[in-house]
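Structural description and commentary
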Amino acid sequence: MKLILAGLFILAVGTHAQWYHFPREAVQGARDMARAYGDMRKANWKNSDKYFHARGNYDAAQRGPGGRWIAKVISDGRENFQGNSGRGHLDSAADQKANRWGRNGGNPNVYRPRGLPKRY
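Computed from a prediction, not measured in an experiment: that's the story for all the values here.

1. Details of the environment of Asn-47
- Note that Asn-47 resides in the loop between α2 (22-43) and α3 (49-61).
- A C-alpha to C-alpha distance of 9.1 Å links Asn-47 and Tyr-111, two positions 64 residues apart in sequence.

Listed below in structure tokens is the structure:
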């Protein structure tokens, strides 16, 4: 039994050698998501929300597995809340598409509206 547990431990450590980075990546990813949300609020630009969704998810996912995980948790939570608040399932589905695009490494500028100032 001890041999089996030791083998599983070595396998787990070998395959996830940097598991200890996960919490830091998640915190940094949450900050990226919050920064994108804050920028969206400051910009107050018509039809820009998909860009900020994609950008926040992209930035968070670039942190690593922890950032990618927290981006998914935050995005899914937000869309589940908004879907239940009557905002519309079509808009929620479009937001989720932008979220996935950014998380999967897609260029957020695909969703950037024309005329949005460069500082955002």
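Structure's up, so let's keep going.
2. Examining the side chain of Asn-57
- As for its position among the elements, Asn-57 is in helix α3.
- Classification of Asn-57 by relative accessible area gives buried; the value is 1%.
- Each residue touching Asn-57, except ones within four places of it in the same chain, is listed here: Met-33, Ala-71, Lys-72, Ser-75, Asn-99, Gly-102 and Arg-103.

3. A closer look at the confidence of the model for the protein chain
- Residue-level pLDDT values for the protein chain average 88, and 82% of them are 70 or greater.
- Per-element confidence in the protein chain is highest for α3, whose mean pLDDT is 98, and lowest for helix α1 (residues 2-15), whose mean pLDDT is 58.

4. Remarks on a nonpolar patch on the surface
- A cluster of nonpolar side chains, namely Phe-22, Trp-69 and Val-73, defines an oily patch on the protein surface of about 280 Å² accessible area.
- On the secondary structure map, Phe-22 appears in helix α2.

5. Describing the packing of aromatic side chains
- Applying the stated rule across the entire model yields four aromatic pairs.
- Their ring planes at 45° and their centres at 5.7 Å tell us that Phe-22 and Trp-69 sit as a pair that is tilted. Of this pair, Phe-22 sits in helix α2 while Trp-69 sits in helix α4 (residues 65-84), and the two are 47 residues apart along the sequence.
- Residue Phe-22 is classed as partly exposed on the basis of its relative accessible area, which comes to 31%.
- Ring plane angle 80° and centroid distance 6.4 Å describe the contact between Phe-52 and Tyr-120, whose orientation is recorded as edge-to-face. Remark: Tyr-120 occurs in the segment after α5 (89-103) and Phe-52 occurs in helix α3; sequence separation between them is 68 residues.
- Here Tyr-120 falls in the buried class, since its relative accessible area comes to 11%.
- Here the aromatic residues Tyr-51, Phe-52 and Tyr-120 are joined through ring pairs into a cluster of three or more.
- Positioned above the aromatic ring of Tyr-51, the side-chain terminus of Arg-112 is 4.9 Å from the ring centre.

So, how was this worked out
Residues numbered from 1 in each chain as written. Predicted model: local features only at pLDDT ≥ 70, side-chain atom pairs only at ≥ 80, totals over all residues. Heavy atoms only, no water. Helix = DSSP H or I, 4+ residues; strand = E, 2+ residues; numbered from the N terminus. Buried < 20%, exposed > 50% of the residue type's maximum accessible area, 1.4 Å probe, protein only. Contact = heavy atoms within 4.5 Å. pLDDT = per-residue confidence, 0-100. Patch = residues over 30% accessible without salt bridge, like charges linked within 9 Å, V, L, I, M, F, W, Y side chains within 5 Å. Areas by Shrake-Rupley, 256 points an atom, 1.4 Å probe, with all protein chains shown as cover. Salt bridge = Lys/Arg side-chain N within 4 Å of Asp/Glu carboxyl O. Phe/Tyr/Trp six-rings, centres within 6.5 Å; stacked < 30°, edge-to-face > 60°. Lys NZ or Arg CZ within 6 Å of the ring centre and 35° of its normal.

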